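# Geometric and topological summary
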Amino acid sequence: MGAMSGQCLCGAVKFKATPKESEMGVCHCAMCQRWAGGVFMAVSCGVSVEIEDETQLGVYQSSDWGERCFCKVCGSTLFWRMRDGTNTAVSAAAFEDSANFAFTSEIFIDEKPSTYEFANVTKQQAGPEVIAAFTAQLEKGAEA
């Protein structure tokens, strides 16, 4: 899969990114629920995200390892990224053509409200598993 274009609702933040795979995942964590108004449907794009003009990009440090990015003009949820720059998860809906992403995974499944269920069969990880993976990634980066 090659580079894909995307933008926020109003077009103030435009970007190009190359998804690592033709897959999207969902995060059910409490922070994503508040930030995205539900689940955060995202595509892992590694370090490939190129933002056309970062002046309208808002950044909120939401944890020791992550930050959330949004449009300062329209408020669109755009990216969750590692603070060290090693990975960016792009909102699947922000891509111009998101129809070809297969829905394959769910994280923080232990924080998912009981009010909905997805019909897809997905790989599921609970919060402690996800945090352990982030911690390992950070420690690996510190050793390099």
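The notes below deal with the structure included here. Remember, predicted model here, so these are calculated numbers, not experimental data.

## Here's the deal with the sheet that holds strand S5 (residues 50-51)
Taken in spatial order, the three strands make up an open sheet running S1-S2-S5, and their pairing is antiparallel. In this open sheet, the two edge strands, each paired with only one partner strand, are strand S1 (4-7) and S5. Relative to S5, strand S2 (residues 14-17) runs antiparallel, the two being bridged by two bridges. Within the sheet, the bridge partner assigned to Lys16 lies in S5 and is Glu50.

## Description of the pattern of salt bridges
Inspection of every chain in the model, using the stated rule, returns two salt bridges. Salt-bridge contacts for Glu67 lead to Arg81; the nearest nitrogen and oxygen are separated by 2.7 Å. Residue Glu67 is found in strand S7 (residues 66-71), and its partner Arg81 is found in strand S8 (residues 77-82); the two are separated by 14 residues along the sequence. Of the residues examined, Glu67 reaches a relative accessible area of 13% and is grouped as buried. With a shortest N-O distance of 3.0 Å, Lys112 and Glu117 are connected by a salt bridge. Assessed through its relative accessible area of 17%, Lys112 is described here as buried.

Parameters at a glance
Residues numbered from 1 in each chain as written. Predicted model: local features only at pLDDT ≥ 70, side-chain atom pairs only at ≥ 80, totals over all residues. Heavy atoms only, no water. Pairing = 2+ DSSP bridges. Helix = DSSP H or I, 4+ residues; strand = E, 2+ residues; numbered from the N terminus. Salt bridge = Lys/Arg side-chain N within 4 Å of Asp/Glu carboxyl O. Buried < 20%, exposed > 50% of the residue type's maximum accessible area, 1.4 Å probe, protein only.

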